[in-house]
Amino acid sequence: MGRINNIKLKKLKLKSGLSYTKLIYRVVPIHSSTISSIKHLIKNPKSISKSLVSLSHVFGSLAHRLVSLLSATSRQLKTIPSKLKSLPRHLKTIPHRLRAFPAKLRALSITTLHHLKNLPHSLVSFVRNLPHHLISLYHSLKSLPHSLKSLPSNFKSLNRSNPRLAKTLVAASLLVVLTAVFGSISYYHQLVARSYNLSVATQALIGPPDKNLMSQLSYDSSSHAYYLSKSAINKSTTEFPKASSLSGSLTVGSTTGSKAQFSAKLPTNIDQGITTYDNTSNLSFTMIPQFSAMAGKQV
């Protein structure tokens, strides 16, 4: 955008005797869009009124913002005298605070040095008195059975002197014991339940359960183990191939009948190991983990 300044009017006379007014000006370069807008206004006089209306709205909003800004400024200016009045009071307290700071720092350093100085003495006294504290603890534990034996007699004397207080103590003691017992049982069950829950990442890794495979799962209470396709396990299954099988070919994991190809034994005690059976070759192998775990169960 540009601006027009140094506007002068000069009358020029022509040879015919007529005169016209020439506008002499010096102009700072104006943007081409501004020039085109001016030409458009000259060609369309009706658009001048619309432009003036929109311009009035713009000036109205500017005036409103200016009024709000001036009102906010006036409110801030009104608070300046009160702040200036309180400023000397705050300035007067600064030297006092600065003077008190070294004293506080000195007191803190003296206290810290005093504690550090007494630390070896405190440690030595603690070590010296440790046998005495241990002996006192031993005597207290030794006298605990006697105190427990004397508890009924003390309670009887309390019941004779103040029956209401004795009953209140009994009720409070029973309430505390029952709350502790039921709270512990509930917490244990919650802990066990959380231990058998699989995380979302684990479920995404192993996928959903196979219903057809789960229908072949059974539990044997005598061996405390879960079996997968227990009826297909051959009693003559061994953990090593027979000598006759080593000389010829060995077929693993294939069958022509309806018998399951593989079976598994999953004991509740994982220390016994998990055994996998190949029902075609009558071979099996057992994997025993090198870690402990809770009892296995179906969830």
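Notes on the structure follow. (Residues numbered from 1 in each chain as written. Predicted model: local features only at pLDDT ≥ 70, side-chain atom pairs only at ≥ 80, totals over all residues. Heavy atoms only, no water.)

## Here's the deal with the overall build of the chain
And step 1. Of the regular secondary structure elements, the chain holds 7 helices and 7 strands.
And step 2. Mapped in sequence order, the helices and strands of the chain form the string β-β-α-α-α-α-α-α-β-β-α-β-β-β.
And step 3. For the chain, buried positions account for 9% of its 299 residues.
And step 4. When contacts within the chain are restricted to residue pairs at least 6 apart in sequence, long-range pairs at least 24 apart make up 41% of them. (Helix = DSSP H or I, 4+ residues; strand = E, 2+ residues; numbered from the N terminus. Buried < 20%, exposed > 50% of the residue type's maximum accessible area, 1.4 Å probe, protein only. Contact = heavy atoms within 4.5 Å.)

## A look at unusual backbone geometry
And step 1. A positive phi angle, near 50 degrees, is found at H224, a position not held by glycine.
And step 2. Mapping H224 onto the fold places it in the loop between β3 (217–220) and β4 (225–228).
And step 3. The partly exposed category is assigned to H224, whose relative accessible area is 46%.
And step 4. Even without being a glycine, S229 presents a positive backbone phi close to 55 degrees.
And step 5. The residue S229 is located in the loop between β4 and α7 (243–247) in this model.

## A short note on the sheet that holds β3
And step 1. Judged by pairing direction, the sheet is antiparallel, and its 5 strands sit side by side in the order β3-β4-β5-β6-β7 without closing on themselves. Where the open sheet ends on each side, the last strands, each with one partner, are β3 and β7 (283–287). Neighbouring strand axes in the sheet, compared pairwise and without regard to direction, differ in orientation by 20 degrees on average.
And step 2. Summarising the sheet, β3 and β4 pair through 4 bridges and their orientation is antiparallel. In the sheet register, Y219 faces β4, and the bridge partner there is Y226. (Pairing = 2+ DSSP bridges. Axes fitted to C-alpha atoms, helices over the stretch in contact; angles between N-to-C directions.)

## Here we look at the pairing of β4
And step 1. Taking the residues between adjacent antiparallel strands as the criterion, β3 and β4 are bridged by 4 residues, where H224 takes a positive phi near 50 degrees.
And step 2. Here 4 bridges tie β4 to strand β5 (residues 262–267), and the two strands are oriented antiparallel to one another. Bridged to A225 within β5 is P267.

## Topic: helix α4 (residues 163–196)
And step 1. In this model, α4 (34 residues) spans 50 Å end to end at C-alpha, consistent with the 50 Å of a helix rising 1.5 Å per residue.
And step 2. Among the residues of α4, A166, V192 and Y196 are the ones counted as buried.
And step 3. Structurally, α4 contributes buried residues whose contacts are with α3 (144–161). (Expected span 1.5 Å × (residues − 1).)

## Concerning the packing of α3 against α4
A pair of packed helices can be characterised by two numbers: the angle between their axes and the separation between those axes.
And step 1. Running from N to C, α3 and α4 point in directions that differ by 130 degrees, and their axes come no closer than 5 Å. Relative to α4, the element α3 lies oblique. In this structure, α3 uses F155, L158, N159, R160 and S161 to contact α4, whose residues at the interface are P163, L165, A166, L169 and V170.
And step 2. The class makeup of the residues in the contact of α3 with α4 is 7 nonpolar, 2 polar and 1 charged. (Parallel < 35°, antiparallel > 145°, perpendicular 65-115°, else oblique. Nonpolar A, V, L, I, M, F, W, Y, C, P; charged D, E, K, R; others polar.)

## A word on the packing of aromatic side chains
And step 1. Applying the stated criterion across every chain yields a total of 1 aromatic pair.
And step 2. When the ring of Y219 is compared with that of Y226, the centres are 4.8 Å apart and the planes differ by 50 degrees; the resulting orientation is tilted.
And step 3. The class for Y219 is partly exposed, based on a relative accessible area of 42%.
And step 4. Residue classification places Y226 among the buried positions, given a relative accessible area of 16%.
And step 5. The aromatic ring of Y227 is capped on one face by K230, whose charged end is 4.7 Å from the ring centroid. (Phe/Tyr/Trp six-rings, centres within 6.5 Å; stacked < 30°, edge-to-face > 60°. Lys NZ or Arg CZ within 6 Å of the ring centre and 35° of its normal.)

## Side note on a nonpolar patch on the surface
And step 1. Side chains of F126, V127, L130, L134, L137, L141, L144, L148 and L151 sit close together on the surface and give an oily, nonpolar patch of about 890 Å² of accessible area.
And step 2. Within the residue set of the nonpolar patch, elements represented by two or more residues are α2 (46–142) and α3.
And step 3. Top element by residues in the nonpolar patch is α2. It accounts for 6 residues.
And step 4. For L151, the location among the structural elements is in helix α3. (Patch = residues over 30% accessible without salt bridge, like charges linked within 9 Å, V, L, I, M, F, W, Y side chains within 5 Å. Areas by Shrake-Rupley, 256 points an atom, 1.4 Å probe, with all protein chains shown as cover. Salt bridge = Lys/Arg side-chain N within 4 Å of Asp/Glu carboxyl O.)

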